Amino acid sequence: MPNSADLPAPTTTVTVPDTELASAATQLVRDTTDDLIYHHSRRVYFFGGLQGHHRGLSFDPELLYVAAMFHDLGLNEEFRGSGRRFEVDSADEARRFLQSRGVPEDSVRRVWTAVALHTTPGIPAHMEPEVALVTAGVEYDVLGIGYDDISEADRTAIVALHPRPDFKRRILRAFTEGIAPKPETTFGNVKADVLERYVPGFVRGDFVDTILDSAWPE
């Protein structure tokens, strides 16, 4: 049975770039993550690209692809003691990957930003298309935002190529396992919801208390 990376694209408007960079990104993610993250990352690319066409955005498919493939790499076990948000660990890995291959710094910056901000709603949509569309792809696959913006035919084709069995529970488990060892990194972001639900004894940081309890004497 062929690897899904070798199969044809499921849509006529969004295809995986046929470049050495994209192939290397595919292989790296395939080798270092499980099926859950690999298939999710590929769906993020396809859904993000389709949303880009739907919104009339002009984007670089290669940069969008690399960003989509790397966006959850920071959930891997080797990053759980980093003390950084998993989004930053993911972005840093993408940056190292691109810089080692001589990619121009502006392109590296766009990919880094797209990955680092993919769980920060309200900002990416106002930035470069690649940044906006990684978030759009994540929001589509994880949250179902804009579900009807993509045709049933395209959605079915993408999920047939990259299945999502019990995806909701499995991705929540992956989030929990990836960030529970560094709960302080969830302060002020959506992943605090995950730990509050699944980690007994977790207490989310409170912004108001942080202000009131600061060292300032007043």
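Computed from a prediction, not measured in an experiment: that's the story for all the values here. (Residues numbered from 1 in each chain as written. Predicted model: local features only at pLDDT ≥ 70, side-chain atom pairs only at ≥ 80, totals over all residues. Heavy atoms only, no water.)

To continue, consider helix H8 (residues 167-179). For H8, spanning 13 residues, the distance from its first C-alpha to its last is 18 Å, which sits close to the expected 18 Å at 1.5 Å a residue. The set of residues buried in H8 consists of Phe167, Ile171, Ala174, Phe175, Thr176, Gly178 and Ile179. Along its buried surface, H8 packs onto helix H2 (35-55), helix H4 (86-99), helix H6 (129-143) and helix H9 (191-198). (Helix = DSSP H or I, 4+ residues; strand = E, 2+ residues; numbered from the N terminus. Expected span 1.5 Å × (residues − 1). Buried < 20%, exposed > 50% of the residue type's maximum accessible area, 1.4 Å probe, protein only. Contact = heavy atoms within 4.5 Å.)

So, about the packing of aromatic side chains. Here the structure, examined in full by the defined rule, presents six aromatic pairs. With centroids separated by 4.5 Å and ring planes inclined at 40°, the aromatic side chains of Phe47 and Tyr140 adopt a geometry described as tilted. In this pair, Phe47 is assigned in helix H2 and Tyr140 in helix H6, connecting sequence segments 93 residues apart. With respect to class, Phe47 is no different from Tyr140; both count as buried. Counting every residue linked through ring pairs, the aromatic cluster contains Tyr45, Phe46 and Tyr65. One residue, Arg43, lies across the ring of Phe167, its end atom 4.7 Å from the ring centre. Above the face of the Phe175 ring, Lys191 is positioned so that its terminal group lies 4.3 Å from the ring centre. (Phe/Tyr/Trp six-rings, centres within 6.5 Å; stacked < 30°, edge-to-face > 60°. Lys NZ or Arg CZ within 6 Å of the ring centre and 35° of its normal.)

This brings us to the environment of Thr19. Structurally, the position occupied by Thr19 is in the segment before helix H1 (20-32). For Thr19 and Glu62, which are 43 residues apart along the polypeptide, the C-alpha to C-alpha distance reads 7.9 Å.

This next bit is on the nonpolar core. Among the nonpolar cores identified, the biggest contains 40 residues, and Tyr45, Val66, Phe70, Phe97, Leu98 and Val111 are the most heavily contacted of them. Counting residues per element, the ones that place at least two in this core are H1, H2, helix H3 (61-70), H4, helix H5 (105-116), H6 and helix H7 (152-161). Here this core takes eight residues from H3, the largest share from any one element. The contacts of Phe97, once residues within four sequence positions are left out, are Leu21, Ala24, Ala25, Leu28, Val66 and Phe70. The next biggest cluster of nonpolar side chains, apart from the first, holds 13 residues, and it includes Leu36, Phe86, Ile171 and Phe202. (Core = buried A, V, L, I, M, F, W, Y, C linked by side-chain atoms within 4.5 Å.)

On to the pattern of salt bridges. Opposite charge on two side chains allows them to pair when their charged atoms are near. One pass over the structure, following the stated rule, counts 15 salt bridges. Linking Asp35 and Arg30 is a salt bridge whose minimum nitrogen-to-oxygen distance equals 2.8 Å. Looking at Asp35, the relative accessible area reads 43%, which means it is partly exposed. Between Arg96 and Glu93 there is a salt bridge, with the nearest N and O atoms lying 2.3 Å from each other. Here Arg96 pairs with Glu93, and both are found in helix H4, just three residues apart, close to one helical turn. Each of Asp106, Arg109, Arg110, Glu128 and Glu130 takes part in one network of salt bridges that share partners. (Salt bridge = Lys/Arg side-chain N within 4 Å of Asp/Glu carboxyl O.)

Time to look at H3. Most of H3 is tucked away: eight of the ten residues are buried. Along its buried surface, H3 packs onto H1, H2, H4, H5 and H6. For H3, the N-terminal capping position is held by Asp60, with its side-chain oxygen 2.9 Å away from the main-chain nitrogen of Glu62. (Polar contact = N/O pair within 3.5 Å; in protein donor to acceptor, adjacent residues only side chain to side chain.)

Turning next to unusual backbone geometry. In the Ramachandran plot, Asp166 falls in the positive-phi region, its phi being about 50° despite a non-glycine side chain. As for its position among the elements, Asp166 is in the loop between H7 and H8. Under the relative-accessibility criterion, Asp166 is labelled partly exposed at 41%.

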